[in-house]
Amino acid sequence: MGRYSCMRIASLLLTLHLLAVGPGAAMAQPAAGRGCEASKLLAVGQYHLCRSRVDAKAARKGTTGDHTRCDAQLAKKFTKAEARADGTCPTTNDRDDIQLAATRHGDEVATRLAGAATTCSPVGLPFAYSYMVTNRATPFATIREDIVPATGDALTFFTATGPYASQNVATAYTEVTQAVFVERLKADLALTASGGGLHLGVYVHGLGNTFSDALTEAAQFGCNLATPGGYPGLVIGYSWPSYDLIDSTFFYGTIAPPPPPLLPQRSGSIRDNVLGSRASFQALLTLLDADVVTGAIAPVALSFLTHSEGNYMLMTGLGAATSSPPIAQCLMLAADVSSVSLQTGEQGAGITDRCGGVTVYYSGADGDLVTSDYEFFAYHRSDYPTRLGLTGPHYIADPTPLAANVTGVDCSKVTVAPAVSSIIDVHSSYRSVPRIVTDLVETMLGMPNLGRAAIAGTTQGFTLTP
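Counting starts from 1 at the beginning of each chain's written sequence and moves along it residue by residue. Local features in this predicted model are restricted to residues of pLDDT 70 or higher, and side-chain atom pairs are both shown and tallied only at a pLDDT of 80 or more, whereas totals for entire chains, interfaces and linings draw on every residue. Excluded from the side-chain calculations are hydrogens and water; all other atoms, namely the structure's heavy atoms, are used.

Here we take up the pattern of salt bridges. By definition here, a salt bridge exists when the distance from a side-chain nitrogen of Lys or Arg to a carboxyl oxygen of Asp or Glu is within 4 Å. Summed over all chains, the structure comprises eight salt bridges. One salt bridge in this structure joins Glu309 and Arg271, with 2.6 Å as the shortest N-O distance. You can see Glu309 sitting in the loop between strand E6 (300-307) and helix H12 (310-320) and its partner Arg271 sitting in helix H10 (residues 270-275), a full 38 residues away along the chain. When its relative accessible area of 0% is taken as the criterion, Glu309 is described as buried. Relative accessible area decides the class of each residue, using a 1.4 Å probe on protein chains only: under 20% of the type maximum gives buried, over 50% gives exposed, and in between gives partly exposed. Taking relative accessible area as the criterion, Arg271 reaches 2% and is therefore assigned buried. Close ionic contact of Arg381 with Asp383 constitutes a salt bridge, the shortest N to O distance being 2.7 Å. Exposure remark for Arg381: the relative accessible area of 17% places this residue in the buried category. A single salt-bridge network, built from bridges that share partners, covers Asp336, Asp373 and Arg387. Elements are defined by DSSP. Helices are runs of H or I of four residues or more, strands are runs of E of two residues or more, and each kind is numbered from the N terminus.

In structure tokens, the structure reads:
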């Protein structure tokens, strides 16, 4: 998952449910009462989403959101649920209390996200612009039906003045032509010379990210890698058409890969949108190869950094690729794909074939991937359902040997307090935990990884030490 956490939404709904019915009450309810509670839980989730969309639209216009329609919809759904329950719904006439709890939760999440957006200040960095490439047909759309891949292999380009702009992204980032994008990118990339080469990172986000979220997340990650991480290179973003968190959860998939079918449905769910983005991903690879890497003033060390569902985009994108520039490193964070994906002959062959080095960063403390393993079981390998980002690759051949250029880094010891304040933050913590950020930079620069300890019995597995 991405900027938001499925566990946050689940905890909200569970908290509201317990406040409403009390411990043990659910089992004692008649069927009509349980149905009423289930309908109300769904209504609260939809109410939370409605308010978020109103606030996002208002923010883009510089106005204050009007939640009247959201309030009316919640009242209507609660009244309807209570009528069907015929007096057996324990929370009858408690709409105001539940609505207040949902509103306060939304405010708390907004406050935390606003705080996260200011954790890294890009002071003293030499870059003139921030960069994002997307294949979203309507980039700033927030309604699920409008969040679809662009036709064919089309890409849209955005830049913002200043390095790693993460504030007011809806107005800071403006669409530019491919020619302008490339011109600005090459000028900034020329400033990254280190060790006789240039350094470019491409970040691919996970699900639960609208375009505004993706802009913020990519900028903050690039900023963290630069300072305090010390990465001299430039980080740009690629945004595939993910929905917000709630729609991502309800519309995760309509088919059950792998392997992905030759002619998948191009949109309609998270995984359909990823599969419908493969041609655009090839277009990105072609652009980087022809317009950025080729003819650069020095060799370009190109790295892909992928988070959560973004690893499925990388896996299917490189799996379908007909060509690509030389990719020095693929760094897979919290990968929401099968644990055997990088074994020889498996679905991740596109990654292991096209990336010089592949590093998997995983943590047994990642509750979001545990949730994904359970909730989205039907859309992953049923024979090897455990997630790569949860257990890492299979160091002992199972079912086949691990590709020779793959390294696993167990981050379980550093994705805990005090570096990570809560279990619900583990999944996203790879972009900010100092020990992980340092290891990412060391890997991209080809430096010794000083914070690793070897895992006994394998030459490809390591533990990141506190």
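Here the narrative resumes.
The description of two packed helices rests on the angle between their axes and on the distance between the axes. Fitted lines through C-alpha atoms serve as axes, helices being fitted only where they are in contact, and the angles separating the N-to-C directions of these axes extend from 0 to 180 degrees. Between helix H11 (residues 278-293) and H12, whose axes approach to 9 Å, the crossing angle comes to 75 degrees. Between H11 and H12, the crossing angle belongs to the class labelled roughly perpendicular. Contacts between H11 and H12 involve Arg278, Phe281 and Leu285 on the former and, on the latter, Met313, Leu314, Thr316, Gly317, Leu318 and Ala320. Of the residues in the contact of H11 with H12, the class split is six nonpolar, two polar and one charged. Every angle not falling under 35 degrees, over 145, or within 65 to 115 is termed oblique; those three ranges are roughly parallel, roughly antiparallel and roughly perpendicular. Two residues qualify as a contact provided that any one of their heavy atoms is within 4.5 Å of a heavy atom in the partner residue. Residues are sorted three ways: Asp, Glu, Lys and Arg are charged, Ala, Val, Leu, Ile, Met, Phe, Trp, Tyr, Cys and Pro are nonpolar, and all the rest, Gly among them, are polar.

The criterion for strand pairing is that DSSP finds at least two bridges linking the strands in question. With mixed pairing, the eleven strands of this open sheet are ordered in space as E3-E2-E1-E5-E4-E6-E7-E8-E9-E11-E10. The two strands at the open ends of the sheet, each matched to only one other strand, are strand E3 (173-176) and strand E10 (452-454). Each adjacent strand pair in this sheet contributes to an overall mean axis angle of 25 degrees, direction not counted. In terms of strand pairing, strand E1 (residues 129-134) meets strand E5 (residues 234-239) through three bridges, oriented parallel.

Any cysteine sulfur atom paired with another within 2.5 Å is treated as part of a disulfide. This model, assessed by the stated rule, comprises four disulfides. The disulfide bridge from Cys120 ends at Cys223, spanning 2.0 Å between sulfur atoms. Classification of the bridge connecting Cys120 and Cys223 rests on its S-S torsion, roughly -80 degrees, and on that basis the disulfide is left-handed. Taken as a pair, Cys120 in the loop between helix H5 (95-116) and E1 and Cys223 in helix H8 (residues 211-226) lie far apart in primary sequence, 103 residues in all. Given a relative accessible area of 1%, Cys223 falls into the buried group. The disulfide partner of Cys330 is Cys355, and the S-S distance across this bridge is 2.0 Å. Judged by the torsion about the S-S bond (-50 degrees), the Cys330/Cys355 disulfide is left-handed. In this pair, Cys330 is assigned in strand E7 (residues 327-333) and Cys355 in strand E8 (residues 355-362), connecting sequence segments 25 residues apart. For the pair formed by Cys330 and Cys355, the shared burial category is buried. Counting its disulfide-bonded cysteines in sequence order, the chain shows a connectivity of 1-4, 2-3, 5-6, 7-8.

Remark: helix H7 (residues 178-189) packs on H11, axes separated minimally by 10 Å, with the N-to-C direction vectors making an angle of 60 degrees. Compared by their axis directions, H7 and H11 come out oblique. Where H7 crosses over H11, the two elements pack in a sense that is right-handed. Contacts between H7 and H11 involve Gln178, Val182, Leu185, Lys186 and Leu189 from the first element and Leu287, Asp291 and Val292 from the second. Here the residues of the contact of H7 with H11 sort into five nonpolar, one polar and two charged. In a left-handed crossing the near helix is turned counterclockwise from the far helix by less than a right angle, and in a right-handed crossing that turn is clockwise.

Spatial relationships are all this shows, so hold off on functional conclusions.
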